[in-house]
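# Working through the structure, step by step
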Amino acid sequence: MDTITSVCRQGNSNRKGDNVKENKFCALILAAGKGTRMKSEKAKVLHVLNGKPLLHYSIEAAKAVGAEKIVAVIGHQTETVREAFAGSGCFFVEQNPQLGTGHAVLQAKDLLADYDGLTVILCGDVPLLKSSTIKSLVDHHVASEAVVSVLTTIPPPPHAYGRIVKDDKGNVLKIVEHKDATDEEKKIGEINTGIYCVETKFLFAALGKITNNNQQKEYYLTDIIEIAVREGRKVKALIADDYVEVMGINTLEELARAEKHILQTENR
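What this report covers is the structure whose coordinates are included nearby. Every value quoted in this text rests on a predicted model; they were computed, and no experiment measured them. One numbering rule holds for all chains: residues counted from 1, following each sequence as written. In view of the model being predicted, local features appear only for residues whose pLDDT reaches at least 70, and side-chain atom pairs are presented and counted only at 80 or more, with totals across whole chains, interfaces and linings using the full set of residues. To get the side-chain values, take all heavy atoms of the structure and skip hydrogens and water.

### With respect to unusual backbone geometry
Omega for the bond connecting Asn96 with Pro97 falls within 30 degrees of zero, at 5°, which places this linkage in the cis form. Assignment of secondary structure puts Pro97 in the loop between β6 (91-94) and α3 (101-106). Its identity is not glycine, yet Lys39 carries a phi of approximately 55°, on the positive side. Going along the chain from the N terminus, every DSSP run of H or I of four or more residues is numbered as a helix, and every run of E of two or more is numbered as a strand. You can see Lys39 is positioned in the loop between β2 (25-31) and β3 (48-49). Note on classification: 1.4 Å probe, protein chains only; a residue is buried when its accessible area is under 20% of the maximum for its type, exposed when over 50%, partly exposed between these limits. On the basis of relative accessible area, Lys39 is assigned to the exposed category, the value being 75%. Phi is positive for Glu145, which is not a glycine, with a value near 55°. With respect to the helices, strands and loops of the structure, Glu145 is situated in the loop between α5 (131-143) and β8 (148-153). Since its relative accessible area comes to 53%, Glu145 is described here as exposed.

### Some thoughts on helix α8 (residues 252-266)
In this scheme, a helix's expected span is set at 1.5 Å multiplied by one less than its residue total. Between its first and last C-alpha atoms α8 spans 21 Å; for 15 residues at 1.5 Å apiece the expected length is 21 Å, and the two agree. Within α8, the full set of buried residues consists of Glu254, Leu255, Ala258, His261 and Ile262. The buried residues of α8 occupy an angular sector of 120° when the element is viewed end-on, so they sit on one face. As used here, the arc belongs to the directions running from the helix axis to the C-beta atoms.

### Concerning the environment of Val71
With respect to the helices and strands, the residue Val71 is situated in strand β5 (residues 70-74). Since its relative accessible area comes to 0%, Val71 is described here as buried. Between the C-alpha atom of Val71 and that of Asp114, which follows or precedes it by 43 residues, the distance is 14 Å. The criterion used for residue contact is that any of the two residues' heavy atoms lie within 4.5 Å. Discounting chain neighbours no more than four positions away, the residues touching Val71 are Ala27, Leu28, Ile29, Cys90, Phe91, Val93, Ala108, Leu111 and Leu112.

### Focus on the pattern of salt bridges
Note on pairing: side chains with opposite charge can pair once their charged atoms come close. We define a salt bridge as a side-chain nitrogen of Lys or Arg found within 4 Å of a carboxyl oxygen belonging to Asp or Glu. Evaluated as defined, the whole model comprises nine salt bridges. Of the charged contacts, one joins Lys44 and Asp125 as a salt bridge, the two residues approaching to 2.8 Å between their closest N and O atoms. Here the residue Lys44 occupies a position in the loop between β2 and β3, and Asp125 occupies one in the loop between β7 (118-123) and α5, the gap between them amounting to 81 residues. Judged on exposure class, the residue Lys44 and its partner Asp125 are both buried. With a closest N to O distance of 3.4 Å, Glu185 and Lys174 form a salt bridge. A residue pair is termed long-range when its members are at least 10 positions apart, and Glu185 in the loop between β10 (172-176) and β11 (191-199) and Lys174 in strand β10 qualify at eleven residues. Residue classification places Lys174 among the partly exposed positions, given a relative accessible area of 26%.

### As for the pairing of β10
Here strand β9 (residues 163-166) pairs with β10 via four bridges, running antiparallel. Its bridge partner lying in β10, Val165 is registered against Lys174. Two strands are counted as paired when DSSP detects at least two bridges linking them.

### Details of the environment of Lys236
Summarising the element assignment, Lys236 is placed in strand β12 (residues 235-240). For Lys236 and Lys260, which are 24 residues apart along the polypeptide, the C-alpha to C-alpha distance reads 33 Å. Residues contacting Lys236, with those up to four places away along its chain left out, are His140, Ser144, Ala146, Val148, Ser149, Val150, Lys169, Gly170, Asn171 and Val172.

### Considering the packing of aromatic side chains
Aromatic rings from Phe, Tyr and Trp, with only the six-membered ring used for Trp, were paired whenever their centres fell within 6.5 Å, and each pair was classed as stacked if the ring planes differed by under 30 degrees, edge-to-face if by over 60, and tilted otherwise. Taken as a whole and judged by the stated rule, the model has zero aromatic pairs. Just above the ring of Phe91 sits the side chain of Lys69; from NZ or CZ to the centre is 5.1 Å. Placement of a charge over a ring requires the Lys NZ or Arg CZ to be within 6 Å of the ring centre, with the centre-to-atom vector within 35 degrees of the ring normal.

### Let's talk about helix α1 (residues 54-64)
Among the residues of α1, Leu54, Leu55, Tyr57, Ser58, Ile59, Ala61 and Ala62 are the ones counted as buried. A positive phi of about 95° marks Gly66, the residue just after α1.

See below:
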């Protein structure tokens, strides 16, 4: 867990534009989680990693790779979060109540639905993600002519993440949440990181079609995958070889490991 290669497998397809600026996009950061497993009253994205709050890292990564607009969906201690990032250039929308990741993205509809470009969905609790990996995801998305692309990884078992179900050609068919997965689906090693690149107009059209018919009674963002497949649209995955880079911070122990990793990387 102490080394990040940040190399992604991109297949042999011809690349259409190696400069992300040619493939314009906005960044949408999901940052509404309370973070109850952090055992703190503080909103999760305000917990400090190497002197900076977690959300800082996602905002800076999006800036570094050329996002035209950055929007963060927040839900806990919203005024404190807004104040902490008042000079960041980030737009904020609030999710209240919190009814799942699909519902979270919908809160940005007024800001993004008419945007003529791509939307890259990031997570405010994934601070080690590199801007170069975001670039690879956008480039791969455009080159493969997908409507949705998901960044995936293969962590060591056991784990409780959503599984990536593919056809024999490597196209993504669906993402199944761990709690909803069959025993056979739980054997799949490739998992969802929660990071996506999506055609913006399709994103909000698809979100209008999802339901909360699942064990959690939430509106899953992952359901847009099956909608795309039903409509005959292409869904692709890009595998991040090092799962540490896309690791979410859910506990104080994970926060400490991320801090250790950053310090070790800086001292090389």
